[in-house]
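# Inside the fold
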Amino acid sequence: MKPADLQKMSLLAKLALCAWALAGLIAQASAWGFSYGDQTGNNQACLSCHGKTGEVPKGTFIDPQRFTQTAHASLGCEACHATVPATHPDGNKVPKADCRDCHSGISEEYAKGLHAAKTACNGCHNPHLVQNPKDVSGQEINMICSNCHNGLEMTAKHGEWLPQSELHLRMLPCITCHTGAKDYYISMYIVKSKGDSRFGKQEVAEYADLKAIAGGRPIVSLIDTNRDNYVSLEELRVFNRTQKSLHLYGMMTPSTVSHKFEILDSRRNCSFCHTSGSGLMQTSFIAVPEADGTFLRVPVEKGAVLDALYAAPDFYMMGSTKNAKLNQIGLAIICCGLIMPVGHGFVRFLTRKNRKEKEHQS
Amino acid sequence: MSEKTRIYLQPWPIRIWHWINASGIIILILSGAQIRFPETLSIFSSYKSAIEVHNTAGIIVSISFSFWFFYYKMVKNTLDKLYIPDEEDIKHGLVRQLLYYCFWYFLGRPSPYHATPDHKFNPMQKSAYLAVMFVLMPLVGLTGILLLNVTPLRVLVLMWGGIKFIVALHFLLACSLLAFLCTHVYLATLGDYIKPMLIGWEEVEEHEEPEKAPEVAIPGYRPVRHYPEYEQMLLEQRHN
Ligand code: HEM
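For every chain, the first residue of its written sequence is number 1, and the numbers climb from 1 along that sequence. Both sets of labels track the order of writing: A upward for chains, 1 upward for ligands. A pLDDT threshold of at least 70 governs which residues receive local features in this predicted model, and a stricter bar of 80 or more applies before side-chain atom pairs are shown or counted, although totals over entire chains, interfaces and linings include all residues. Hydrogens and water are ignored here; the side-chain numbers use all heavy atoms of the structure.

## Observations regarding the confidence of the model for chain B
All names here are of chain B. The predictor attaches a confidence to each residue, called pLDDT, with possible values from 0 through 100. Averaged over every residue, the pLDDT of chain B is 78; residues scoring 70 or more account for 78%. A run of DSSP states H or I qualifies as a helix once it reaches four residues; a run of E qualifies as a strand once it reaches two. Both are numbered from the N-terminal end. Model confidence for chain B, summarised as mean pLDDT per element, is weakest for helix α9 (residues 227–239) at 63 and strongest for helix α7 (residues 163–188) at 92. Contacts are assigned to residue pairs with any non-hydrogen atoms lying within 4.5 Å of each other. Low pLDDT, under 50, characterises residues 206–226; the stretch is placed with 36 contacts to residues that sit more than four places away or in other chains. Interface confidence for the predicted complex, expressed as ipTM, amounts to 0.79; the pTM equals 0.81.

## Re the state of the cysteines
The disulfide criterion used throughout: a pair of cysteine sulfur atoms within 2.5 Å. By the definition in use, this model includes zero disulfides over all chains. No disulfide involves Cys102 of chain A; its sulfur sits 6.3 Å from that of Cys80 of chain A, the nearest cysteine. Burial here depends on accessible area, computed with a 1.4 Å probe over protein chains only, as a share of the maximum for the residue type. Under 20% is buried, over 50% is exposed, and the range in between is partly exposed. Using a relative accessible area of 21% as the deciding quantity, one classes Cys102 of chain A as partly exposed. Cysteine Cys175 of chain B is unpaired, with the sulfur of Cys335 of chain A as its nearest cysteine sulfur at 10 Å.

## With respect to the site of the ligand
All names here are of chain B. Summary of the distance rule: residues count as near a molecule or strand when at least one heavy atom falls within 4 Å of that molecule or strand. By nearness alone, 25 residues border the ligand, and His18, Tyr83, Lys120, Tyr129 and His184 come closest of all. Polar contacts, as used here, are pairs of N or O atoms within 3.5 Å; protein pairs need one atom able to donate a hydrogen and one able to accept it. Residues neighboring in sequence count only if both atoms are side-chain atoms. A distance of 2.5 Å separates a nitrogen atom of the ligand from a polar atom in the side chain of His18. Residue Tyr129 places a side-chain N or O atom 2.4 Å away from an oxygen atom belonging to the ligand. Contributing elements (two or more residues each) for the shell around the ligand: α1 (12–36), α5 (123–148), α7 and α8 (194–199). Looking at the shell around the ligand, the element that brings in the most residues is α1, giving eight residues. Gly falls in the polar group here, along with every residue not listed as nonpolar (Ala, Val, Leu, Ile, Met, Phe, Trp, Tyr, Cys, Pro) or charged (Asp, Glu, Lys, Arg). Residues that form the shell around the ligand fall into these classes: 19 nonpolar, five polar and one charged.

Right, dumping it as structure tokens:
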């Protein structure tokens, strides 16, 4: 590297630091009632071209609506593309920041994992569409991975040791097994039957579809009927009984996203997930799609996935979401089966003489 | 001692079926229990092996069930006659058999019913086997097949009321089968049932053989209609 380059780098890093500090301020500001969108006047200059499909080549188009919703919008284009020459656009490269400048912690962690050699941050993240894990549904996380890891191939590869691998890969975000985490929650998302029949092919419900079903009201009100930003078991039951074409699918998702991608031997042991009692299955959220492509996360009353039938009828994890009441009914049935051997057997023992006598008679 | 004759009661395909079925179901119950209660049971070395055993046994039992149905229905053509209780069974037979198990047996009286190849089961056996073989077994098999193919058969799963409902049904049916099993095995120890199921033949004391007393027997006779009369009949036979 040339000294000039180095100088440029360090300048960039300083700039980035400043930007980060600024971001902190802005984040504070947004807590006071501003939104990121208000603070991004400095994006406007670049977006006047890059926000319009007609003005720039397809690959350099940036959707202004979605970009302004991201945490990166508050930084401004120049924080990452420092010193865009006045002659731009002239076909020359524009400088681009390194994620490491601002996300040093995650970058270090990522560098330690086995994935670091395979791809850089931009393999999984578009810097202009970054999302908070809270706003992402588990199902969407898998779409990130499936950009490079073909679904069928993965099903076959995991099927070598994982029973029902197709089901597993559909119901689990890859990162549940490929990153470590202390805690997990169940992330539920809405799927819709094709053609509105109850039994059509199931697909993840799109914002527009749900909007139509909600009929002008916000989508959340389909489930959270009293709009208190909390879904009670009762509300879930009503949803499951009345919305004939909608179903809730659940995914077991890590509560914090770590970036040390690894192959964890503990995940080969089915009991890591298929045991009860750890309280693992108690926390759940519903991810409701929003207009900007992110998801609104609505907390759900405890016990939803353990409920016998109606709260989450399409989510079941063997061994871990069994219902205690059903166990008791099962036990009662088995006890009925013991009436004959125990009750009859006892009287049979007491009266054994009678049968001996008869035998002698004949 | 009186002469003994032998009746060929259980044809070999049925015997093979029965013991495959019995061992299959016991394995299913054990592995199933571990799958549902992994934290308390570890009968098979790991959760995964419990699941693999359960899946394999489930498929074997389903196939052997289909075979059983095919054999009785198509080859022997005796399914309906053997397993569906008739009017007489419902009116008198059930009560009589129940009285036998609850009282007369303890008093040392013989069973009011005697098995022949065409009428193998007493009215209570008939009703119990009818429920087990025509309701419990098919349902437990079908729910099991759905659980084995949740993704490919998603639509069917939803049609049945969602995976939770299917799991609950499968579990409760399995408990019912276990309850049946306990009763079934116990009742088998009450009479000479186990030997025919092992070797096919039942030994009958000469004088008890139904053919010997056709004139006493009521037409369509499955040894007795009214229990006290049977006693009477035996007495008469002995005096002759
Ligand atoms: C839950 C599993 C079982 C089922 C569903 C089952 C079902 C049946 C059925 C349908 C029959 C009549 C067979 C025929 O068509 O001739 C039968 C007979 C018999 N079973 Fe089982 N069985 C099971 C387990 C067992 C076990 C574990 C034993 C003994 C250890 C046993 C002992 C017998 C005997 C001795 C008979 C012949 C007596 C009779 O015909 O009632 N069974 N069983």
